[in-house]
Amino acid sequence: MKRIPFIVALMVGIQLMRGQSTIAYFNGPAFQLPGIEGYANGIDFDGDNTFDFTFSASGMICTADIPSSGCYQSSYVSATGTNALLWQNNQILMPAGNLIGSATSSNAVWGNPGQGGLLTSFTFSPRYGTSEWTPPLGTLTNGYLGIRFYAADGLHYGWIHARLPNALEYSPLILDWAYETGVGAAIVAGAKPVMALQASPEIIRAAYLRLNWQTEIGKTYQVQSKENLAAPFWTNLDFIIVATATNAMTDVPITGEAKFYRIVEAN
């Protein structure tokens, strides 16, 4: 994707700064965890067409008595290559709001590269008519995997959101995922980019498109673009804006390619 060069911005009540990035968020498509042994699904964070984290299932194991006293099947997640999962209290799932980054709490530690862990097991008893989902997902029902992966530009931190199935679903689901585009920047589990409310763009001067949006004083905003709405990534323009008023505007050059723009909160 072609990056837009650093632009001259026309602003009222705002300041320019350099170097801030924001969150790349992927609203699925959601998928159920594999329910068949030997089948795996996964997520490719860096767009290189290989999974950075994979999900798989064990075979169904049952006791030998008839009817069986108990059966179970387990679901797992694994990091691939040099990527890693964040462990907290010896489990790989955490609630929303936990910080994911290089500095971890006293009860959290990054796993070894390529290491995996248990998401949950479904246990049921044909003999006694009981069933349950086990921890960690069985306890949280909704939880987040803290992840780190290496892209071409360096180390990134992110999260993957999982939940238990409803009555019409046969296995847990991976709903959405996100990562911080800033190299080495921490992210909060569940954090998503917050879009600013934009007015219709205008052409005020030749060869420039003016973007206008509502701001909150003290917040930082990032202008992003992409040439195809179906493309997975937005590109940050090479500046950020710290609002000192309740509205902001900036002019971006009109180039040969059609582009889509959005403004997101960067802090």
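For the structure, see preceding data.
Residues numbered from 1 in each chain as written. Predicted model: local features only at pLDDT ≥ 70, side-chain atom pairs only at ≥ 80, totals over all residues. Heavy atoms only, no water.

(A) The overall build of the protein, seen in detail. For the protein, the count of helices and strands is 1 helix and 21 strands. Buried positions account for 45% of the 267 residues belonging to the protein. Excluding contacts between residues fewer than 6 apart, the proportion of contacts in the protein whose partners are at least 24 apart in sequence is 65%. Carbon together with sulfur atoms contributes 56% to the accessible area of the protein, which is approximately 13000 Å² in total. (Helix = DSSP H or I, 4+ residues; strand = E, 2+ residues; numbered from the N terminus. Buried < 20%, exposed > 50% of the residue type's maximum accessible area, 1.4 Å probe, protein only. Contact = heavy atoms within 4.5 Å. Areas by Shrake-Rupley, 256 points an atom, 1.4 Å probe, with all protein chains shown as cover.)

(B) Structural context of the pairing of strand β12 (residues 130-133). As paired elements, strand β11 (residues 116-125) and β12 share 4 bridges and run antiparallel to each other. For S125, the partnering residue across the bridge sits in β12 and is T130. (Pairing = 2+ DSSP bridges.)

(C) A look at the state of the cysteines. The final tally for this structure, using the stated rule, is 1 disulfide. Paired by a disulfide, C62 and C71 hold their sulfur atoms 2.0 Å apart. Where C62 bonds to C71 through sulfur, the torsion about that S-S bond is close to 115 degrees, and the disulfide is right-handed. Residue classification places C71 among the buried residues on the basis of a relative accessible area of 5%. (Disulfide = S-S within 2.5 Å.)

(D) Quick peek at the packing of aromatic side chains. With the rule as written, the count across this model stands at 13 aromatic pairs. Between Y25 and W159, the ring centres sit 6.2 Å apart and the planes meet at 45 degrees, which makes this aromatic pair tilted. One end of the pair, Y25, is in strand β2 (residues 23-26); the other, W159, is in strand β14 (residues 154-163), and 134 residues separate them in sequence. With relative accessibility at 23%, the residue Y25 sits in the partly exposed group. (Phe/Tyr/Trp six-rings, centres within 6.5 Å; stacked < 30°, edge-to-face > 60°.)

(E) Main features of the pattern of salt bridges. Following the criterion strictly, the structure yields 6 salt bridges and no others. A salt bridge links R210 to D251; the nearest nitrogen and oxygen atoms lie 2.7 Å apart. Here D251 lies in strand β20 (residues 247-253) and R210 lies in strand β17 (residues 208-214), a separation of 41 residues in the sequence. One exposure class covers both R210 and D251, and it is buried. One salt bridge connects E227 with K259, and the closest N-O pair in it is separated by 3.9 Å. With E227 in the loop between β18 (220-226) and β19 (235-243) and K259 in the loop between β20 and β21 (260-265), this pair connects stretches of sequence that are 32 residues apart. What makes E227 partly exposed here is its relative accessible area of 32%. Connected through shared salt-bridge partners, R205, R210 and D251 make up one network. (Salt bridge = Lys/Arg side-chain N within 4 Å of Asp/Glu carboxyl O.)

(F) Spatial organisation of the environment of K259. Of the residues examined, K259 reaches a relative accessible area of 15% and is grouped as buried. Considered as a pair, K259 and Q224 are 35 residues apart in the sequence and their alpha carbons are 9.9 Å apart.

(G) Examining the pairing of strand β7 (residues 71-79) more closely. Relative to β7, strand β5 (residues 53-57) is paired through 5 bridges, and the arrangement is antiparallel. The residue bridging T54 from the neighbouring strand is S78, located in β7. Sheet analysis places strand β6 (residues 61-62) next to β7, joined by 2 bridges and oriented antiparallel. Within the sheet, the bridge partner assigned to C62 lies in β7 and is C71. Relative to β11, β7 runs antiparallel, the two sharing 8 bridges. From the neighbouring strand, S78 faces β11, where its bridge partner is G116.

(H) Broad picture of the nonpolar core. If you look at the biggest cluster of nonpolar residues, it comprises 25 residues, and the most contacted ones within it are F45, F55, L145, I160 and I174. Of all the secondary-structure elements, those providing two or more residues to this core are β2, β5, β7, β8 (84-88), β13 (142-151), β14 and β15 (173-180). (Core = buried A, V, L, I, M, F, W, Y, C linked by side-chain atoms within 4.5 Å.)

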